[in-house]
Amino acid sequence: MEKIATNRLDRGFYKYQAEFEEAAIRTLRSGWYIMGKELEAFEQAFAAYNGSKYALGVANGLDALVLACRAVGIGEGDEVLVQGNTYIATVMGITRNGAKPVFVEPDQYHQIDVTKLEEALTPKTKAVMVVHLYGHAADMKPVVEFCKKHNLKLIEDCAQSHGSKVEGKMTGTFGDVGCFSFYPSKNLGCFGDGGAIVTDNEEIYNKIKMLRNYGSSKRYYFDEVGLNSRLDEIQAALLSVRLSHLDELTNERYEIADYYLKNIKNDKIDLPKTREGAGNVYHQFVIRCKTRDDLIKYLDEKGVGTIIHYPVPPHLSACYENLGYKKGDLSITEELADTVLSIPMYNGITKEEQDRVIEALNNY
Ligand SMILES: Cc1ncc(COP(=O)(O)O)c(C=O)c1O
């Protein structure tokens, strides 16, 4: 029997094959490949989808974070509060600007623990970077209040939370800037690298627009040393297709998650929980198990693929040795790294495959 992969991007393509092919060929034939009509159309649609004034396409999610931090004025000597259990790119967005990440432990929903923000605050704190990890929206009301109270910038890493809301308001629209990745496996994925930022702030919009294009606001005149970080026309055209189906794709994820939640029954396995009032678009379906590594082996033998998001937390990653953290400094984050496991969750997974995942988990 064929092994069930953790993701099947081909299924996402074939679902709307004709529309994707039409968009790609239309763009190829247009003779215009960077910064054109397709990008403009996607940016407008993506801003409207999120309920924000502006959206700007960039080359990838990491660049979105780097540019967002720079645009709100984060730099050398600043500290940014960020949850310990996140993907490394979140942290790189901070450190690439010369600022220091100050890690905060997560709550039971894998999101930043808002009760621990005050104790992490110092006179150097400049911003909070919230990550809506696995598609579950963080507890935004207290975060927004905290930022207002201490006059801090607020950046949201929405690389995993396209379409996830808190009380009807989209993640990415609570702070100064929302940053998105369109890496192919994301809920809104393209067919290569891509990213975007959303904001209501005209100044931030203009600054990022300039910075993504070498720091140029007028052709061949350069105000700042910027990046080459643009979302190309083909990706923008393909993203417009996928965006038009995003609600339907998200609904499919809700159904898969619901089926897993109702049918996975094993005392050794903890299922993901969702905070009352928080959106969860299940970018990943993350279970927890004390004997996680043994479970991985068992599932592999049963033909079920799994993946760990993430085995080494940023504060213990080799690239951040300079920050001076050691094992034991973030016990909750570290325990999660040792026990979390993502099971197959993607658009196009069949009922039969879901049943096989459930059966394997229940027999463990
Ligand atoms: C939480 C998070 N932030 C940032 C990124 C970076 O996005 P990209 O891979 O497009 O650079 C990703 C995904 O890779 C992510 O999962």
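What counts as what
- Residues numbered from 1 in each chain as written.
- Predicted model: local features only at pLDDT ≥ 70, side-chain atom pairs only at ≥ 80, totals over all residues.
- Heavy atoms only, no water.
- Domains from an automatic or database assignment.
- Contact = heavy atoms within 4.5 Å.
- Buried area = accessible area lost by both parts, 1.4 Å probe.
- Pairing = 2+ DSSP bridges.
- Helix = DSSP H or I, 4+ residues; strand = E, 2+ residues; numbered from the N terminus.
- Axes fitted to C-alpha atoms, helices over the stretch in contact; angles between N-to-C directions.
- Near = heavy atom within 4 Å.
- Polar contact = N/O pair within 3.5 Å; in protein donor to acceptor, adjacent residues only side chain to side chain.
- Areas by Shrake-Rupley, 256 points an atom, 1.4 Å probe, with all protein chains shown as cover.
- Nonpolar A, V, L, I, M, F, W, Y, C, P; charged D, E, K, R; others polar.
- Salt bridge = Lys/Arg side-chain N within 4 Å of Asp/Glu carboxyl O.
- Buried < 20%, exposed > 50% of the residue type's maximum accessible area, 1.4 Å probe, protein only.
- Parallel < 35°, antiparallel > 145°, perpendicular 65-115°, else oblique.
- Left-handed = near helix turned anticlockwise from the far one by under 90°.
- Phe/Tyr/Trp six-rings, centres within 6.5 Å; stacked < 30°, edge-to-face > 60°.
- Lys NZ or Arg CZ within 6 Å of the ring centre and 35° of its normal.

Q: Give a detailed account of the domain arrangement of the chain, specifying residues and quantitative values.
A: Each assigned domain of the chain is listed here: domain 1 (9–244) and domain 2 (246–363). Taking the mean C-alpha position of each, domain 1 and domain 2 sit 23 Å from one another. Contact with domain 1, which involves 46 residues of that partner, is made by 41 residues of domain 2. Of the roughly 3600 Å² buried where domain 1 meets domain 2, counting both sides, 57% is carbon and sulfur surface. Looking at the side of domain 1 facing domain 2, the largest losses of area belong to Arg11, Tyr134 and Asn187, adding up to 21% of the total buried there.

Q: Outline the sheet that holds strand E9 (residues 195–199), supporting the account with residue identities and numerical values.
A: The seven strands lie next to each other as E1-E9-E8-E5-E4-E2-E3, forming an open sheet whose pairing is mixed. Across the chains shown, the open sheet's two edge strands, defined by having one partner strand only, are strand E1 (54–58) and strand E3 (100–104). With strand direction ignored, the average angle separating the axes of adjacent strands in the sheet is 25°. Pairing geometry for strand E2 (residues 79–83) and strand E4 (residues 125–131), over four bridges, is parallel. Residue pairing for E4: Leu81 is matched across the bridge by Val128. The strands that helix H8 (residues 202–211) touches are E1, strand E8 (177–181) and E9; relative to E1, the one it contacts most, it runs at about 20°.

Q: Mind laying out the site of the ligand, listing which residues take part and the relevant values?
A: What surrounds the ligand is a group of 15 residues, the closest being Gly61, Asp157, Gln160, Ser181 and Lys186. Here an oxygen atom of the ligand and a side-chain polar atom of Gln160 are 2.8 Å apart. At 2.7 Å, a side-chain N or O of Ser181 approaches an oxygen atom of the ligand. Isolated, the ligand exposes 390 Å² of accessible area, and the fraction of that covered by the protein chains is 91%. Put simply, the parts of the chain that give the shell around the ligand at least two residues each are helix H4 (61–71) and helix H5 (88–95). Among the elements that make up the shell around the ligand, the one with the highest residue count is H4 (three residues). Of the residues assigned to the shell around the ligand, the class counts are seven nonpolar, six polar and two charged.

Q: Provide a residue-level description of the pattern of salt bridges, including the pertinent values.
A: A complete count under the given rule lists 19 salt bridges for this structure. Here Asp113 and Lys116 are joined by a salt bridge, their closest N and O atoms 3.3 Å apart. When its relative accessible area of 12% is taken as the criterion, Asp113 is described as buried. Using a relative accessible area of 23% as the deciding quantity, one classes Lys116 as partly exposed. In this structure, Asp293 engages Arg292 in a salt bridge whose closest nitrogen and oxygen atoms are separated by 2.8 Å. Salt bridges linked by common partners bring Glu2, Arg8 and Asp10 together as one network.

Q: Break down the packing of helix H11 (residues 292–301) against helix H13 (residues 351–363) for me, with residues and values.
A: Between H11 and H13, the shortest axis-to-axis distance is 10 Å and the interhelical angle comes to 130°. When the interaxial angle is binned, H11 and H13 end up oblique. Pair H11 / H13 crosses with right-handed handedness. Across from Leu295, Tyr298 and Leu299 in H11, the residues of H13 making contact are Ala360, Leu361 and Asn363.

Q: Lay out the packing of aromatic side chains with the relevant residues and their values.
A: Inspection of the entire model under this criterion finds 15 aromatic pairs. Considering the side-chain rings of Tyr54 and Tyr205, the 4.2 Å spacing of their centres and the 15° angle between planes classify their relative orientation as stacked. Placement of Tyr54 in strand E1 and of Tyr205 in helix H8 is noted, with a sequence separation of 151 residues between them. By the burial criterion, Tyr54 is buried, and Tyr205 matches it. Here a set of aromatic residues connected by ring pairs shows up, and it is made of Phe13, Tyr14, Tyr16, Phe20 and Phe191. It is Lys218 that lies over the ring of Tyr221; its NZ or CZ is 4.4 Å from the centre. One cation-aromatic arrangement involves Lys351 over Tyr259; the distance from NZ or CZ to the ring centre is 3.9 Å.

Q: Explain the environment of Asp63 to me, and be specific about the residues and the numbers.
A: Examined against the element boundaries, Asp63 turns out to sit in helix H4. Take Asp63: its relative accessible area is 10%, and that puts it in the buried class. Taking C-alpha positions, Asp63 is 9.6 Å from Phe180, a pair spaced 117 residues apart along the chain. Beyond its immediate stretch of four places on either side in the chain, Asp63 contacts Leu227 and Ser229. One polar contact links Asp63 to Ser229, side chain to side chain, over a distance of 2.6 Å.

Q: So what's going on with the sheet that holds strand E10 (residues 269–270)? Residues and values would help.
A: The strands that make up a sheet are held in pairs by hydrogen bonds between backbone atoms, and each pair lies either parallel or antiparallel. Spatially, the three strands line up as an open sheet ordered E10-E11-E12, and their pairing is antiparallel. Each of the sheet's edge strands pairs with one partner strand only, and the pair in question is E10 and strand E12 (340–343). Note: E10 against strand E11 (residues 285–289), two bridges, orientation antiparallel. Following the sheet pairing, Ile269 is matched in E11 by Cys289. Strands E10, E11 and E12 of the sheet are contacted by H11, whose axis makes an angle of about 25° with E12.

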